[in-house]
Amino acid sequence: MKLLEIIKFEYTTKVKTKGFIISTILIPALFLLITTLPTLLMRYQTKDIKKIIFIDRANIIPVENLKKLGEKIHTKFLIDQSYKELTKDSLLSIALQNNYFGYIMIPENVLEKNSMDFYLKNPANFSLIERLNSFFRKEIIKKRAEQANLSKELIDKITKRTKTNVYKITPKGKAKEDKGASFFLAYFLGIALYVALLIGGTMVLNSVVEEKSSRVYEIILSSVKPFTLLSGKLIAIALVGLTQFAIWFAFGGFLLSNAFAFMPSTGFISGIIKTILNQPISTWLLFIFYFLAGYFQFAALYALVASTVDSTQDAQQMQTPVTLLIILNFLFMFFIINNPESTLAVILSILPLTAPIIMMVRIGSIYPPVSHIIFSIISQIIGVIVILFLSAKIYRVGILMYGKPPKFTELIKWLKKS
Amino acid sequence: MSEFLTLQNISKSFAEKEVVNIEHLTFKQSEIIGFLGPNGAGKTTTIRMIMQIIQPDQGEILFNGHPLNEKDMAFIGYLPEERGLFKKNKVGDTIKFFGKLKGKSNSYINKKMDEYLELFQLTDYKNKKIEELSRGMQQKLQFIITIIHDPQLIILDEPFTGLDPINVEILLNIIKEERQKGKTIIFSTHMMEKAEQICKNIILINKGKILINENIKTLRDKFSTNEYEIECDSSIEELEKLNFIKHIYKKNHKYIIVFDEKLDSKEALKKLIDATTNIKSFNLHRPSLYDIFLKVVEKGEQL
């Protein structure tokens, strides 16, 4: 079987390259870095205690409550009677000189004026500001309640926080607790496919251009039909991709379980990783299907483009429309995560060339109806066949043509040639 | 000898322009045929149609009596003019790959490969990547790939470009050996001396049409009419004054003389003996393939 020989040859050639070995090791290492680095950095940050000057002109905040908050958010509040008399400018200069994080002042008339000021070095620290906000809001509410002569028990009852829990509705009617993992699962699946399609497509592009520029095609074509050659190449490179996935899956569990050692076991990120690992097998089967469907469609288009050019430089230009199509999917991704049931989401998750990424994003965020998945699968199979057929027709002519890249109208002529 | 490969009413056009139009062309077994023609004559297109890389618009190609099909490719070896190999792959792996594509077994390929690598002094490069080879070495490798599957028909398009004289000799010897084994070799080239040296028959094609399909000897006799080559002590000025000489020119110490009427060698020699001093040699001047090529292609002369 010639096809088998081509697959074998292409596959062993690609797997032996340095690029393959490097990317197999580097990509999970990067992934590990991206997932663990933020938590490691956050820990590092915790050792660094911020100092904030605190002035309570209204005398409404109990110092022990403020201290408790300070411990939680790694901040030391500097309370000194002498600060009370200082102007805004001198407070700012003290904060600057001593490298304090800032100052917070509660004005005397805070209960009437309904406003107070935070002066902070880094107002982008949203989580800190959110903690400060909720603390002061609560204390002010308490003070108002006291003034209304409510008893302490009643005040505690009123200001008690309510914990909110989010559940994901599954098609069987069961509900699963979801701490934002759905968003990240959808995001993870989408990004993984996006990267895989770009890498796979680029590999095909480079491989075809390289063979064309080394003028090897006429020798091969004296033994093999162009369609066999193209299918062999596409299948071999798909297998290279799947080999990489398989290696990552095999080591993934090991790596992730080690990664847990660096992370709080109940933390947000470990929750996401657990969600990803706990996906039913059907999710992964669909993932592989959509990877292959997307890969064969885009790789065939990349092969088409590559067959029409002689050099890598020309290839870079001509590939832009195909790459933009993949990037377009990426841009849609965020809209789809937020609106996975919208008409646009449904249409995009069925059409060829968009479904692979968009459907996986929908599967990550909600449970799409089975009928949508079936339609989408059928449409992908048709898409793969049609795109492969058209690409092969142009590829067949293109690989023997040298010189100026053809115009679009010429490509249409090539299509018509038998 | 049986008809081995036949092209029947083959035509091919690109963008409305007819590139090849061959009424009938037959190749016999066990011969070396020179396939000649100027650039753009339709040589490569014809060869590509034989190799089924492109399909003719019309006509039929017969191989061993049946319409040529994909399976026949296992019996044909082709060294294209536009040739290159996978740079990143090893020499041995590449030969094996192409041998396998032609349907040969591993053991057969390994045996043959070692023989040929030895012959072309490439044994030490078997496990080297192709990009480490010089251009000449790559060309020898391409030749090995062309014949690794022991094809019955070998098509060589400009096989000598870039080879040093030693390797040209090695290649020529192999080509002759293959012919003796009964192989048919179609040899396309611009190097007329090489074609003259090894081909028995030549085909001359121009503007897609076959102009000449002849045995080289017969062809040269046909084109040699009233030209003689002499070596003598007379100067060219003296000879130019002779009234029976239409045209004369110098070629490596000798003169080529064109008489103004058609003469056989006896009459010609008689006239020259009387008119010149001390003739050292006298020969019928057969035009070289090169001359014939120029005459036919440039001046449109016909047989």
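Everything below is about the structure printed above this text.
A. Representation of the overall build of chain B within the structure. Scanning chain B for helices and strands turns up 10 helices and 14 strands. Seen through its C-alpha atoms, chain B measures out along the principal axes to roughly 70 × 45 × 35 Å. Classification of the 303 residues of chain B by burial places 50% in the buried group. For chain B, contacts bridging at least 24 residues in sequence account for 67% of all contacts bridging at least 6. For chain B, the exposed surface amounts to about 14,800 Å²; the carbon and sulfur share of it is 46%. Seen as two clouds, the 45 positive and the 44 negative side-chain charges of chain B have centres 4 Å apart.

B. Structural context of the overall build of chain A. Tallying secondary structure elements over chain A gives 18 helices and 6 strands in all. The globule rule puts the C-alpha radius of gyration for 418 residues at 22 Å, and the 30 Å found for chain A is more than 25% above it. For chain A, the spread of C-alpha atoms along the three principal axes comes to 95 × 55 × 45 Å. The burial tally for chain A puts 44% of its 418 residues in the buried class.

C. Expanded view of the interface of chain B and chain A. Every contact between the two is made by 28 residues of chain B and, on the other side, 22 residues of chain A. Interface area, chain B with chain A, both sides summed: about 2,400 Å², of which 61% is carbon and sulfur. Inspection of the region where chain B meets chain A yields 4 salt bridges. The shortest N-O distance in the salt bridge between Arg 48 of chain B and Glu 218 of chain A comes to 2.8 Å. Linking chain B with chain A are 7 residue pairs in polar contact (both at pLDDT 80 or more).

D. How the structure looks around the sheet that holds strand S6 (residues 76-79) of chain B. Residue and element names in this part refer to chain B. Taken together, 6 strands build an open sheet; the order of strands is S6-S7-S8-S3-S9-S10 and the sheet is mixed. The outermost strands of the open sheet, each flanked by one partner alone, are S6 and strand S10 (209-215). Geometrically, the sheet is characterised by an average inter-axis angle of 15 degrees between neighbouring strands, direction not taken into account. Where strand S9 (residues 201-206) and S10 come together, 6 bridges link them in antiparallel fashion.

E. Fine view of unusual backbone geometry. With a phi close to 60 degrees, Asn 114 of chain A is a non-glycine residue in the positive phi region. Here Asn 114 of chain A lies in the loop between helix H5 (110-113) and strand S4 (117-120). Phi is positive for Asn 252 of chain B, close to 45 degrees, though the residue is something other than glycine. Among the secondary structure elements, Asn 252 of chain B is positioned in the loop between strand S12 (245-251) and strand S13 (254-259).

F. Structural view of the packing of aromatic side chains. Under the counting rule described, the total for this entry stands at 30 aromatic pairs over all chains. Consider the rings of Phe 184 of chain A and Tyr 187 of chain A, whose centres lie 6.4 Å apart with planes at 80 degrees: the pair is edge-to-face. With Phe 184 of chain A and Tyr 187 of chain A both in helix H8 (residues 181-213) and 3 residues apart, this pair spans about one turn of that helix. Residue Phe 184 of chain A is classed as partly exposed on the basis of its relative accessible area of 30%. Using a relative accessible area of 29% as the deciding quantity, one classes Tyr 187 of chain A as partly exposed. Each ring, one from Phe 244 of chain B and one from Phe 259 of chain B, has its centre 5.7 Å from the other, and the planes form 10 degrees; the classification is stacked. Placement of Phe 244 of chain B in the loop between helix H8 (236-240) and S12 and of Phe 259 of chain B in strand S13 is noted, with a sequence separation of 15 residues between them.

G. Quick peek at helix H14 (residues 320-338) of chain A. Residue and element names in this part refer to chain A. Its 19 residues give H14 an end-to-end C-alpha distance of 28 Å, which sits within 8% of 27 Å, the value for a rise of 1.5 Å per residue. Listed as buried for H14 are Val 322, Thr 323, Ile 326, Asn 329, Met 333, Ile 336 and Ile 337. Looking at the packing, one finds that the buried side of H14 touches H8, helix H12 (281-307), helix H15 (343-348) and helix H16 (355-365).

H. Summary view of the sheet that holds strand S1 (residues 3-14) of chain B. All names here are of chain B. Across the sheet, which stays open at both edges, the 4 strands sit in the order S2-S1-S4-S5 with antiparallel pairing between neighbours. The open sheet has two free edges, formed respectively by strand S2 (17-28) and strand S5 (66-67), since each of these has just one partner strand. Here S1 pairs with strand S4 (residues 58-63) via 5 bridges, running antiparallel. Directly across from Ser 11, in S4, lies its bridge partner Gln 58. Most of the contacts of helix H1 (residues 43-50) go to S1, to which it runs at about 120 degrees, and overall it touches S1, S2 and S4.

I. Quick look at the packing of helix H2 (residues 91-101) of chain B against helix H4 (residues 135-147) of chain B. All names here are of chain B. Between H2 and H4, whose axes approach to 9 Å, the crossing angle comes to 30 degrees. In terms of their interaxial angle, H2 and H4 are classed as roughly parallel. Viewed along their axes, H2 and H4 form a crossing whose handedness is right-handed. In contact with Val 91, Thr 94, Ile 95 and Phe 98 of H2, H4 contributes Leu 141, Ile 144 and Ile 145. Its residues placed into classes, the contact of H2 with H4 shows 6 nonpolar, 1 polar and no charged.

What counts, and where the lines are drawn
- Residues numbered from 1 in each chain as written.
- Chains lettered and ligands numbered in written order.
- Predicted model: local features only at pLDDT ≥ 70, side-chain atom pairs only at ≥ 80, totals over all residues.
- Heavy atoms only, no water.
- Helix = DSSP H or I, 4+ residues; strand = E, 2+ residues; numbered from the N terminus.
- Buried < 20%, exposed > 50% of the residue type's maximum accessible area, 1.4 Å probe, protein only.
- Contact = heavy atoms within 4.5 Å.
- Areas by Shrake-Rupley, 256 points an atom, 1.4 Å probe, with all protein chains shown as cover.
- Lys, Arg positive; Asp, Glu negative; His and termini not counted.
- Charge placed at Lys NZ, Arg CZ, Asp CG, Glu CD.
- Rg over C-alpha atoms; globule rule 2.2 N^0.38 Å.
- Buried area = accessible area lost by both parts, 1.4 Å probe.
- Salt bridge = Lys/Arg side-chain N within 4 Å of Asp/Glu carboxyl O.
- Polar contact = N/O pair within 3.5 Å; in protein donor to acceptor, adjacent residues only side chain to side chain.
- Pairing = 2+ DSSP bridges.
- Axes fitted to C-alpha atoms, helices over the stretch in contact; angles between N-to-C directions.
- Phe/Tyr/Trp six-rings, centres within 6.5 Å; stacked < 30°, edge-to-face > 60°.
- Expected span 1.5 Å × (residues − 1).
- Parallel < 35°, antiparallel > 145°, perpendicular 65-115°, else oblique.
- Left-handed = near helix turned anticlockwise from the far one by under 90°.
- Nonpolar A, V, L, I, M, F, W, Y, C, P; charged D, E, K, R; others polar.

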